[in-house]
Amino acid sequence: MAPVSEQLEPQGAGGDPAAATPVPGPPAVEEPRRENGGEWFPGSGESGAQPWAAEEAPSSPDCPGSSEAPEPPEGGWGWVVMLAAMWCNGAVFGIQNSCGVLFVSMLRLFGSSDDKQLVFKTAWVSSLSMGMVFFCSPIVSIFTDLFGCRKVAVIGAAVGLVGLLSSSFVSTIEPLYFTYGILFACGCSFAYQPSLVILGHYFKKRLGLVNGIVTAGSSLFTVSLPFLLRVLIDSVDLYNTLRVLCILMFVLFLAGFTYKPLVPNTKDKEGGKKGKFKLPPAKKICNFSVFKVLSYRIWAFGIPAALFGYFVPYVHLMNHVKDRFGDSVPEEVLLLCLGITSGVGRLIFGRVADYIPGAKKIYLQVASFFFIGLMSMMIPLCNVFGALVAVCLFMGLFDGCFICIMAPIAFELVGAQDVSQAIGFLLGLMSVPMTVGPPIAGLLRDKLGTYDVAFYLAGVPPLIGGAILCFIPWVHERQKLKERAKPVDGETTEKMLENESTLVSDTTEKPVKELDSGF
């Protein structure tokens, strides 16, 4: 789209000659004009409302916002992209959520009777891995915006493959902090986030359905992978099991090549036709303006406050079952229950959230945190394995509720324009409690000899975080009322200024007319 000043100028030889020739007579009030099919409002100038010139929009490299994004095809190659994103979601979070099985195997392989902090040290491997997936999210969103989904996803899967493969050659627990906890997790983060962004390129009307199918991938892998890992560890040991998991990452590496972008990234926009890439301003790369929204600030700090005990059951539940019931029960069934009901919860509460208006959707997260905290506190009270299964069923159900409505709440609080980085900042803040929680639970287990106190304390943060989130709908409504009042005040002031200007112009025009009539 051409600049406003160029649109208001006459077209010269190519335009209407009458339009370029000044017409004698007193200057009348400018009438509304139409140009290129768009509607002009009375009163021209750079502050006037401008129509979209459809012919000029794509040919303006200086104004990236002027080129309209292509309409999503709602299918076609998008179905292949959806399957690739589903595999990515399943491979990344299937391995992360099955960390309890790997945790027990690491205790056996690297453990010794002399080490009194073995559980604490081993818990750092899984908690670092899950925490780094979220910690890298703000960085990944910037790289995805700069270089596109395909490059970031492919490089991320390659890095994750190298990290997982190198983890299968260590002989002590300490190198796993880097190979599995940092290198593998960073690769997973860089491969995961583009799989969510690319879906918006291909789907709009069916985006809800596609997101549901993609996120169901993690539930499918969480249900099936613990049993597969148990069979592999018992038959070919931990090292070869990690090498088998590298196959999932290699398929993820190939799946990244399917992310054919339909919307140009920042590199393409800034480079233009010359092919030179110049970094955009820092304000465009990191949009910290979302923190000016009070309701988002409360949400962005209330959610992490609730997650200090969130990841504790995923890491320590398998070992707790072994301590409580021995080898007589199949502890993998608990992860199966968590995975199944988490998938069901995402489908049910995602649909329920569509009927809850505005920021009141936050009450679903309040309820989910209340039940997650309550179920965590009930784990030590379960002296029968069947009761523990029931607890995991409810915990998985409300875990799915918490996850599925994060994006809709972000849309309500900051709007569609800033939602990408708003979610990225939130996931980055979530990484801190999810990394710290499991090692603290492991330290309590080493000191006290039981997980009871650890699970009791793990249920407290969700209750506190849920109480903080209760204030968000009230704060958000007050913000909306203030925003509605601002335009009204601005319009009344503008009208008063216009009335004053018309009065001044009338008083100055009268002496001029009298002077003209005298001549």
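This text goes with the structure placed above it.
Now for a quick tour of the structure. (Residues numbered from 1 in each chain as written. Predicted model: local features only at pLDDT ≥ 70, side-chain atom pairs only at ≥ 80, totals over all residues. Heavy atoms only, no water.)

Quick notes on the overall build of the protein chain
- Scanning the protein chain from N- to C-terminus turns up 22 helices and two strands.
- Expressed as a percentage of the 519 residues in the protein chain, the buried residues total 45%.
- Across the protein chain, contacts joining residues at least 24 apart in sequence account for 83% of those joining residues at least 6 apart.
- Of the accessible surface of the protein chain, which amounts to about 26,200 Å², a share of 66% is contributed by carbon and sulfur atoms. (Helix = DSSP H or I, 4+ residues; strand = E, 2+ residues; numbered from the N terminus. Buried < 20%, exposed > 50% of the residue type's maximum accessible area, 1.4 Å probe, protein only. Contact = heavy atoms within 4.5 Å. Areas by Shrake-Rupley, 256 points an atom, 1.4 Å probe, with all protein chains shown as cover.)

Some remarks on a nonpolar patch on the surface
- Among the surface-exposed residues, Phe370, Leu374, Met378, Leu381, Tyr456 and Leu463 lie close enough to one another that they form a single nonpolar patch of about 510 Å² accessible area.
- Tallying contributions element by element places helix α16 (residues 362-378) first for the nonpolar patch, with three residues.
- Checked against the element boundaries, Met378 lands in helix α16. (Patch = residues over 30% accessible without salt bridge, like charges linked within 9 Å, V, L, I, M, F, W, Y side chains within 5 Å. Salt bridge = Lys/Arg side-chain N within 4 Å of Asp/Glu carboxyl O.)

Concerning the packing of helix α13 (residues 294-306) against helix α18 (residues 406-414)
- At a minimum axis separation of 9 Å, α13 and α18 run at an interaxial angle of 150°. Put simply, α13 runs roughly antiparallel to α18. For α13 against α18, the interelement crossing comes out left-handed. Contacts between α13 and α18 involve Ser295, Tyr296 and Trp299 from the first element and Met406, Ile409, Ala410, Leu413 and Val414 from the second.
- Along the lines of polarity and charge, the residues of the contact of α13 with α18 split into seven nonpolar, one polar and no charged. (Axes fitted to C-alpha atoms, helices over the stretch in contact; angles between N-to-C directions. Parallel < 35°, antiparallel > 145°, perpendicular 65-115°, else oblique. Left-handed = near helix turned anticlockwise from the far one by under 90°. Nonpolar A, V, L, I, M, F, W, Y, C, P; charged D, E, K, R; others polar.)

What to know about the packing of α16 against helix α21 (residues 460-469)
- With their axes 7 Å apart at the nearest point, α16 and α21 run at an angle of 165° to one another. In terms of orientation, α16 and α21 fall into the roughly antiparallel class. As for how α16 packs across α21, the hand of that crossing is left-handed. Taking contact as the criterion, the partners of Ile362, Gln365, Val366, Phe369, Phe370, Gly373 and Met377 in α16 are, on α21, Val460, Pro462, Leu463, Gly466 and Leu469.
- Looking at the contact of α16 with α21 residue by residue, the class counts come to nine nonpolar, three polar and no charged.

Digging into the packing of aromatic side chains
- Under the criterion given, the structure shown has 20 aromatic pairs.
- Between Phe93 and Phe134, the aromatic rings sit 6.4 Å apart at their centres with planes inclined by 45°, giving tilted as the arrangement. Remark: Phe134 occurs in helix α5 (residues 118-135) and Phe93 occurs in helix α3 (residues 77-97); sequence separation between them is 41 residues. For the pair formed by Phe93 and Phe134, the shared burial category is buried.
- On the basis of an interplanar angle of 5° and a centroid distance of 4.3 Å, the ring pair of Phe371 and Phe398 is categorised as stacked. In this pair, Phe371 sits in helix α16 while Phe398 sits in helix α17 (residues 385-404), placing the two residues 27 residues apart along the sequence.
- An aromatic cluster is defined as three or more aromatic residues linked by ring pairs; in this entry it consists of Tyr310, Phe311, Tyr314, Phe369 and Phe402.
- Arg243 extends its terminal NZ or CZ atom over the ring of Phe169, reaching a point 4.6 Å from the ring centre. (Phe/Tyr/Trp six-rings, centres within 6.5 Å; stacked < 30°, edge-to-face > 60°. Lys NZ or Arg CZ within 6 Å of the ring centre and 35° of its normal.)

What about the pattern of salt bridges?
- What the rule picks out here adds up to four salt bridges.
- Among the ionic pairs, Arg230 bridges to Asp234, the shortest N-O distance being 3.7 Å. Separated by four residues within a single helix, Arg230 and Asp234 lie in helix α10 (residues 207-255), roughly one turn from each other.
- With relative accessibility at 13%, the residue Arg230 sits in the buried group.
- A salt bridge links Arg324 to Asp452; the nearest nitrogen and oxygen atoms lie 3.2 Å apart. In this pair, Arg324 is assigned in helix α14 (residues 312-325) and Asp452 in helix α20 (residues 452-458), connecting sequence segments 128 residues apart.
- By relative accessible area, which is 27% here, Arg324 ends up partly exposed.

Here we look at the nonpolar core
- Among the nonpolar cores identified, the biggest contains 122 residues, and Tyr259, Tyr296, Trp299, Ile303, Leu334 and Met430 are the most heavily contacted of them.
- Among the elements that make up this core, the one with the highest residue count is α10 (14 residues).
- In this view, Trp299 contacts Pro304, Ile362, Gln365, Met406, Ile409, Ala410, Leu413, Leu426, Leu469 and Ile472; residues no more than four positions away in its chain are not counted. (Core = buried A, V, L, I, M, F, W, Y, C linked by side-chain atoms within 4.5 Å.)

A few points about the environment of Gly415
- Of note, Gly415 is situated in the loop between α18 and α19 (419-448).
- Taking the C-alpha atoms as reference points, Gly415 and Val290, 125 residues apart in sequence, are found 9.6 Å from one another.

Observations regarding the side chain of Gln365
- In this structure, Gln365 sits in helix α16.
- For Gln365, the residues in contact, after removing those within four places along its chain, are Trp299, Ile303, Phe402, Ile405, Met406, Ile409 and Leu469.

Some remarks on unusual backbone geometry
- Residue Asp237 is not a glycine yet carries a positive backbone phi of 70°.
- Mapping Asp237 onto the fold places it in helix α10.
- For Asp237, a relative accessible area of 37% gives the class partly exposed.

Describing helix α7 (residues 149-167)
- Here α7 spans 27 Å end to end across 19 residues, near enough to the 27 Å set by a 1.5 Å rise per residue.
- Buried within α7 we find Cys149, Val152, Ala153, Val154, Gly156, Ala157, Gly160, Gly163, Leu164 and Ser167. (Expected span 1.5 Å × (residues − 1).)

Topic: α17
- When the terminal C-alpha atoms of α17 are compared, their 29 Å separation across 20 residues agrees well with the 28 Å that a helix rising 1.5 Å per residue should span.
- Listed as buried for α17 are Phe385, Leu388, Val389, Val391, Cys392, Met395, Gly396, Phe398, Asp399, Gly400, Cys401 and Phe402.

Focus: the side chain of Gln96
- Here Gln96 is to be found in helix α3.
- Classification of Gln96 as buried rests on a relative accessible area of 1%.
- Here the side chain of Gln96 touches Ser129 through a polar contact of 2.8 Å, side chain to side chain.
- Not counting residues within four places of it along the chain, the set of residues in contact with Gln96 comprises Ser126, Ser129, Met130, Val133, Phe184 and Phe311. (Polar contact = N/O pair within 3.5 Å; in protein donor to acceptor, adjacent residues only side chain to side chain.)

As for the environment of Ile155
- Among the structural elements, Ile155 can be located in helix α7.
- On the accessibility criterion, Ile155 (55% relative accessible area) is exposed.
- In this structure, the C-alpha to C-alpha distance between Ile155 and Phe190, residues 35 residues apart in sequence, is 7.6 Å.

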